[in-house]
Amino acid sequence: MFGHKARSSMDSLIGPATRIDGDLLFRGGLRIDGRVRGNVVAENEQDSFLVVSEHATIEGAVRCAHLIVNGAIQGDVHASELLEIQPKARILGDISYKVLEIHAGAQVQGRLTHFDCVDNALHLAATGA
């Protein structure tokens with residue numbers, strides 16, 4: 001809807017039988033079907049795309065540009081471009097986003113904060129001068 005379907009390929013996959021204990025740093029596209037106990041962070045946030053499937057669980061913070069969640073996240077979420085929360089998603093943590101789409105049935109427990117990247121960039125430039 002907002003261009004999130006433009007990226008059709010995933011560079012990496014964490015399968016349903018996989019559990020990762022520790023922080024996960026990724027580039028490009030990542031799909032998680034398994035369990036991650038640690039933070040999931042995109043190295044180059046601008047070009048990142050993360051899908052958390054219906055059976056996936058993340059216990060840690062998530063930070064990327066485009067995020068589609070249909071599983072469980074226990075931790076803060078930061079989506080610098082688009083956050084789509086699908087019907088079976090369960091998020092327990094504070095969420096910051098630029099564009100948000102929430103489907104009926106999704107569960108969110110935490111604070112939602114909208115930010116505008118243009119305003120943040122201008123503020124940072126002004127404070128650094």
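Residues numbered from 1 in each chain as written. Predicted model: local features only at pLDDT ≥ 70, side-chain atom pairs only at ≥ 80, totals over all residues. Heavy atoms only, no water.

(A) Broad picture of the overall build of the chain. Counting its regular elements, the chain contains one helix and 15 strands. Buried residues in the chain amount to 40% of all 129 residues. Long-range pairs, those at least 24 residues apart, make up 9% of the contacts in the chain between residues at least 6 apart in sequence. (Helix = DSSP H or I, 4+ residues; strand = E, 2+ residues; numbered from the N terminus. Buried < 20%, exposed > 50% of the residue type's maximum accessible area, 1.4 Å probe, protein only. Contact = heavy atoms within 4.5 Å.)

(B) Seen up close, the sheet that holds strand 10 (residues 72-74). Read across the sheet, six strands follow the order 2-5-8-10-12-14 without closing on themselves; strand pairing throughout is parallel. Every interior strand has two partners, whereas the edge strands, strand 2 (19-21) and strand 14 (107-109), have only one. Direction aside, neighbouring strands of the sheet carry axes that sit 5 degrees apart on average. Pairing of strand 5 (residues 35-37) with strand 8 (residues 57-59) involves three bridges; the strand directions are parallel. (Pairing = 2+ DSSP bridges. Axes fitted to C-alpha atoms, helices over the stretch in contact; angles between N-to-C directions.)

(C) Representation of the environment of Asp 11 in the model. Inspection of the secondary structure assignment puts Asp 11 in the segment before strand 1 (12-14). Judged by relative accessible area, Asp 11 falls into the partly exposed class, the value being 48%. Sequence spacing of Asp 11 and Phe 26 is 15 residues, and the spatial spacing of their C-alpha atoms is 9.1 Å. For Asp 11, the residues in contact, after removing those within four places along its chain, are Arg 27, Gly 28 and Gly 29. Side-chain polar atoms of Asp 11 contact the backbone nitrogen of Gly 29, separated by 2.8 Å. (Polar contact = N/O pair within 3.5 Å; in protein donor to acceptor, adjacent residues only side chain to side chain.)

(D) Representation of the pairing of strand 13 (residues 95-102). Bridge analysis of strand 11 (residues 77-85) against strand 13 gives seven bridges, and the strand direction is parallel. Bridge assignment links Ile 85 to a residue of strand 13, and that residue is Ile 102.

(E) Structural view of the confidence of the model for the chain. Looking at the chain as a whole, its pLDDT mean stands at 87, while 84% of the residues score no less than 70. Counted against residues more than four places away or in other chains, residues 1-6, with its pLDDT under 50, gives nine contacts. Low confidence marks residues 125-129, where pLDDT is under 50. Its contacts with residues over four positions away, or in another chain, come to zero contacts. (pLDDT = per-residue confidence, 0-100.)

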